[in-house]
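# Survey of secondary and tertiary structure
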Amino acid sequence: MKTSIIRTTVIAATAAALTTAASAQPAAKLKVGLMLPYTGTFAALGNAIENGFKLYLAEQGGKFAGREVEFVKVDDESDPSKATDNVNKLVKRDNVDVLIGTVHSGVALAMAKVAKESGTLLIVPNAGADAVTGAMCAPNIFRSSFSNWQPGYAMGEVMAKRGIKKVATITWKYAAGDESVRGFKEAFEKGGGTVVKELNLPFPNVEFQALLTDIAATKPDAVYTFFAGGGAVKFVKDYSAAGLKKTIPLYGSGFLTDGTLEAQGADAEGLFTALHYADSMDIPKDKSFRLAYAKTYKLQPDVYAVQGYDAAQILGIGLKAVNGDTSKKAEFARAVEAAKIDSPRGAFSLSKAHNPVQDLYLRQVSGKENKLVGIASKALSDPARGCKM
Ligand code: PHB
């Protein structure tokens, strides 16, 4: 009898001590898995995303909902064949609370599959793979960037309206290239244009010569293209060196000239592209963002930096609503779905499938800037084909 009373007392005392300790202790660190390319043709894009993400976090005093952040970083090399292993390491070995990644659509598809199966929160800060917010959409998957369909569709509308009739397309043969061209074609053909030739090369190859010869022989009214990062630099330079820039106007999704102008120089001058961000916009949030970014990193931001910043904003909004408890997935999603995200690109909200509903800007390269020319497509929402949510 006596022993049992003592035992009860001890248990009660221990429980009380634990409660006190729990409330006095700071919340456990939030583990953020950053899966991005730090090598290869998209290396600069991965770095800009990380910079943007960390800038927002720093503005919040280094914490999300009172939790300090511990980063676990993986270089995904934009290699889809390593993607499933890489994301599984973060989810199963490192037990991250949230995944942030990535740039390459093929790698992002593998991340979305693992996130969907494991229920881990995923915020995609670039990769446009339509299926991420289409057939693979899920309550725990969000995108702070765009779908591949969006800039393609917007540019298709612009080019059709300009009275361009015959276009050749050229891109890398993988999800992003295919879907960008498909979006372009959908709007361009709806507007009365015809795609007369679709040219491709494997990602991340940059041997463009034979394809440029084909374009010269085909003589379309214009060319639509998707390339990005290091590949975009080389393509713009080669297009100009082949003498095509003067005879066959080159258009693209805005990745063609974003974060690349320093390296492309005069060969990019005058090019028109469509994207959800532009330089020299008259948006107060953009002005403060650009100042803070330049001060922190001694670099000008680009669309990738904006998307990284907004991925952190989305995470912050969701975590605030659940008091930092990442297991409350439904509440997290509800808060993000209801939010207006104060982005440097202009405020946006997410669609039901969790992709940004946003203005697509028409930009023209002038010196080192993608100057805002106008709005290519207002509040453009991805059709989210195949999403059941
Ligand atoms: C993609 O693979 O989805 C991708 C890569 C780079 C970009 C845009 C899209 O700039």
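Values in this document were obtained by computation on a predicted structure and should not be read as measured data.

## Brief notes about the packing of helix H11 (residues 303-321) against helix H12 (residues 329-338)
One can describe the packing of H11 onto H12 by two numbers: an axis separation of 8 Å at closest approach and a directional angle of 125°. As the angle between them shows, H11 and H12 are arranged oblique. Judged by the sense of rotation from one axis to the other, the crossing of H11 with H12 is right-handed. The segment H11 lies against H12, with Ile314, Leu315, Ile317, Gly318, Leu319 and Ala321 engaging Glu331, Phe332, Ala335 and Val336. Considering only residue class, the contact of H11 with H12 consists of eight nonpolar, one polar and one charged.

## Description of the site of the ligand
By nearness alone, 16 residues border the ligand, and Ser105, Gly128, Tyr174, Ala228 and Tyr304 come closest of all. Measuring from an oxygen atom of the ligand, one finds a backbone N or O atom of Val103 at 3.4 Å. The separation between an oxygen atom of the ligand and a polar side-chain atom of Tyr174 is 2.6 Å. Here the ligand has 280 Å² of accessible area as a free molecule, and 100% of this is covered by the chains. Within the shell around the ligand, the residues separate by chemical class into 11 nonpolar, five polar and no charged.

## A closer look at the domain arrangement of the chain
Domains assigned within the chain are domain 1 (30-146 + 281-354) and domain 2 (149-275). When each unit is reduced to the centre of its C-alpha atoms, the spacing between domain 1 and domain 2 is 28 Å. Every contact between the two is made by 15 residues of domain 1 and, on the other side, 18 residues of domain 2. Summed over both partners, the interface of domain 1 with domain 2 comes to about 1200 Å²; 63% of that surface belongs to carbon and sulfur atoms. For domain 1, the biggest contributors to the area lost against domain 2 are Thr41, Asp130 and Phe146; these three give 40% of the whole. For the interface between domain 1 and domain 2, the tally reads five residue pairs in polar contact (both at pLDDT 80 or more). Listing elements by their share of the side of domain 1 that touches domain 2, those giving two or more residues are helix H4 (105-118) and H11. Residues that form the side of domain 1 that touches domain 2 fall into these classes: six nonpolar, seven polar and two charged.

## Some points on the pattern of salt bridges
As a working rule, side chains carrying opposite charge can pair if their charged atoms are close by. Counted under the stated rule, the structure contains 20 salt bridges. Among the ionic pairs, Lys113 bridges to Glu117, the shortest N-O distance being 3.4 Å. Of this pair, Lys113 and Glu117 are both found in helix H4, four residues apart, which corresponds to roughly one turn of the helix. Its relative accessible area of 62% is what places Glu117 among the exposed residues. Of the charged contacts in the structure, one is a salt bridge between Lys234 and Asp238, with a shortest N-O distance of 2.7 Å. Placement of both Lys234 and Asp238 in helix H8 (residues 229-241) is noted, with a separation of four residues, approximately one turn of the helix. Overall, the relative accessible area of 33% leaves Lys234 in the partly exposed class. By relative accessible area, which is 15% here, Asp238 ends up buried. What you see here is one network of salt bridges that share partners, running through Glu50, Lys54 and Lys73.

Procedures and definitions
- Residues numbered from 1 in each chain as written.
- Predicted model: local features only at pLDDT ≥ 70, side-chain atom pairs only at ≥ 80, totals over all residues.
- Heavy atoms only, no water.
- Axes fitted to C-alpha atoms, helices over the stretch in contact; angles between N-to-C directions.
- Helix = DSSP H or I, 4+ residues; strand = E, 2+ residues; numbered from the N terminus.
- Parallel < 35°, antiparallel > 145°, perpendicular 65-115°, else oblique.
- Left-handed = near helix turned anticlockwise from the far one by under 90°.
- Contact = heavy atoms within 4.5 Å.
- Nonpolar A, V, L, I, M, F, W, Y, C, P; charged D, E, K, R; others polar.
- Near = heavy atom within 4 Å.
- Polar contact = N/O pair within 3.5 Å; in protein donor to acceptor, adjacent residues only side chain to side chain.
- Areas by Shrake-Rupley, 256 points an atom, 1.4 Å probe, with all protein chains shown as cover.
- Domains from an automatic or database assignment.
- Buried area = accessible area lost by both parts, 1.4 Å probe.
- Salt bridge = Lys/Arg side-chain N within 4 Å of Asp/Glu carboxyl O.
- Buried < 20%, exposed > 50% of the residue type's maximum accessible area, 1.4 Å probe, protein only.

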